[in-house]
Amino acid sequence: MTRRSGSADLPLHGGRVPQWLADRMAALGAIVCQAIVHHYGREELLARLAHPFWFQAFGSVMGMDWHSSGITTSVIGALKRGLAPLGGELGLHVCGGRGRHSRRTPDELMALGQRVGFDGDALTRASRLVAKVDSAAVQDGFDLYLHGFFVADDGRWTVVQQGMNETKRQARRYHWHSENLASFVEAPHAAIDGPTQGQIVNLTDKRAAPSRDAQLELLADLGPDGVVRTYLDATTESAAQPTLPHLIMPAHHDVRSADVFTRRLHGTLAAAAERGPIDFPELLLTPGVGARTVQSLAMVAEVVHGAPYRFADPARFSLAHGGKDRHPYPVPIKVYDETIRVLKSAVQNAKLGRDEELETIRRLDAQARRLERTASGPSFEDYVGGERAASPALGGRSVFGWEADLVGLAATPVK
């Protein structure tokens, strides 16, 4: 049985990621992945990518729109760029992407197989079957347009793909994980993310086994293609999936107090204030930025070390580096760059056997969890208001421009 993590509603959201943010997302995404592999191994990173709650929080901490379907495209694109130079070192590769890039997945997997040594034919078959199941066997009204294939040198993999329903302006994301995958056609998903649509046709449900068998027998009589024969050969007995949590991503773009577990935010702020002077004395000497960077580091540390249950409010992670559309506030470029610098230094030193900096970041996360039960702090509204006020000094930037240039336009509505 594959591990199934839950589901989520994802509103479609247009627009593009500006280059200044895309470059930083690639850098931060690669560093976070390196830290996870260093602490927990490649399989743990694959497992997290297969977890829809973690995946959404990961995109939020990188400055993407916290609630939208755009996180899927941007995270996969950022990791494909950021991890490409590290493929030989980490033994981890990203294939596919959106649109025409998704159609190149088989060729990319075959080329990787020849270079790395895994079975490219088997992984190409897996990629095609995954796409076939989610486009044909699961008829839920969503047309696939994105297919991201994460694969390790040992052949283990995670697939994240997404479909859209333009009429309803909604998206559904599908997560697959190769761990203990017994069947491509019976309850195979690590998770299915997306809006509840009422009754759908899902031929991968365990209860649909008789229907599948009857259809496959009929197709066999008519001369099925290779994919249908593979379905028939692959069908096996599978244990029932447990009831899954459901993450509902609201349509509103602004981040609201109800979207965030405030006590966890207070724990993060308290840990940054308590551990910062002890563990980051030199960082705190940076005028106006150092203390704020420690807060972001604490949120990034939770993405690296946090347990699955801690990602039920991905909006909270948008408080690390804001959002490109100015929600909850503009991206603080100075803080973002300093976060990347500190994490990059920690990872590089860890590669040389000096783990002190990475362990310091781990302690920051542990302290936040200890303090969140008792810590108090500003209301969510006051915290966001303070970030917006400080934004010009922190290099705040959004798709609308530099915040320092927009201060005089504060009365102009921002959409």
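Residues numbered from 1 in each chain as written. Predicted model: local features only at pLDDT ≥ 70, side-chain atom pairs only at ≥ 80, totals over all residues. Heavy atoms only, no water.

Let's shift gears to the environment of Val116. Note on placement: Val116 falls in helix 7 (residues 105-116). Along the sequence, Val116 and Gly155 sit 39 residues apart, while their C-alpha atoms lie 9.8 Å from each other. With near-sequence residues (within four places) excluded, Val116 lies in contact with His93 and Asp153. (Helix = DSSP H or I, 4+ residues; strand = E, 2+ residues; numbered from the N terminus. Contact = heavy atoms within 4.5 Å.)

When the terminal C-alpha atoms of helix 15 (residues 356-371) are compared, their 22 Å separation across 16 residues agrees well with the 22 Å that a helix rising 1.5 Å per residue should span. The set of residues buried in helix 15 consists of Leu358, Thr360, Ile361, Leu364, Asp365, Gln367, Ala368 and Leu371. (Expected span 1.5 Å × (residues − 1). Buried < 20%, exposed > 50% of the residue type's maximum accessible area, 1.4 Å probe, protein only.)

All right, on to the pattern of salt bridges then. Summed over the entire model, instances satisfying the criterion amount to 23 salt bridges. For Glu372, the salt bridge is made with Arg263, and the minimal N-O distance between the two is 3.2 Å. With Glu372 in the loop between helix 15 and helix 16 (380-390) and Arg263 in helix 11 (residues 262-279), this pair connects stretches of sequence that are 109 residues apart. Using a relative accessible area of 8% as the deciding quantity, one classes Glu372 as buried. The closest approach of N and O atoms between Glu359 and Arg362, which form a salt bridge, is 3.1 Å. Here Glu359 pairs with Arg362, and both are found in helix 15, just 3 residues apart, close to one helical turn. (Salt bridge = Lys/Arg side-chain N within 4 Å of Asp/Glu carboxyl O.)

Glancing now at the side chain of Thr268. Looking at where Thr268 falls in the secondary structure, it is placed in helix 11. For Thr268, the residues in contact, after removing those within four places along its chain, are Gln295, Ala298, Met299 and Ala368.

Next up on the list: the nonpolar core. Within the largest apolar cluster, 83 residues are counted, with the highest numbers of intra-cluster contacts made by Phe58, Leu79, Leu83 and Leu319. With 11 residues, helix 1 (residues 19-40) is the single largest residue contributor to this core. Beyond its immediate sequence surroundings of up to four residues, Leu83 is in contact with Ala30, Cys33, Leu90, Leu92 and Val94. (Core = buried A, V, L, I, M, F, W, Y, C linked by side-chain atoms within 4.5 Å.)

On to the pairing of strand 5 (residues 157-165), then. The buried fraction of strand 5 is high, at 9 of 9 residues. A two-sided burial pattern is seen for strand 5, the buried positions comprising Trp157, Val159, Gln161, Gly163 and Asn165 on one face and Thr158, Val160, Gln162 and Met164 on the other. Inspection of the sheet shows strand 4 (residues 143-152) paired to strand 5 by 8 bridges, in the antiparallel sense. What sits directly across from Leu146, in strand 5, is Gln162. Hairpin connection between strand 4 and strand 5: a loop of 4 residues separates the two successive antiparallel strands, and Gly155 in this loop has a positive phi of roughly 95°. (Pairing = 2+ DSSP bridges.)

Moving on: the sheet that holds strand 12 (residues 401-402). Ordered by their spatial adjacency, 3 strands build an open sheet running 10-11-12, and the pairing between neighbours is antiparallel. Looking at which strands have only one partner, the edges of the open sheet turn out to be strand 10 (331-332) and strand 12.

We now examine unusual backbone geometry. Note the cis peptide between His327 and Pro328, where omega equals 0°. Within the fold, Pro328 resides in the loop between helix 13 (318-321) and strand 10. Despite not being glycine, Arg169 shows a phi value in the positive range, around 55°. With respect to the element layout, Arg169 can be found in the loop between strand 5 and strand 6 (170-177). Even without a glycine there, the phi angle at Arg326 is positive, about 75°. Taking the relative accessible area as the measure of exposure, Arg326 reaches 15% and is therefore buried.

On to the confidence of the model for the chain, then. Model confidence for the chain is summarised by a mean pLDDT of 83, while 79% of its residues fall at 70 or above. Low pLDDT (under 50) marks residues 1-6, which in the prediction has 41 contacts with non-local residues, meaning those over four places away or in another chain. (pLDDT = per-residue confidence, 0-100.)

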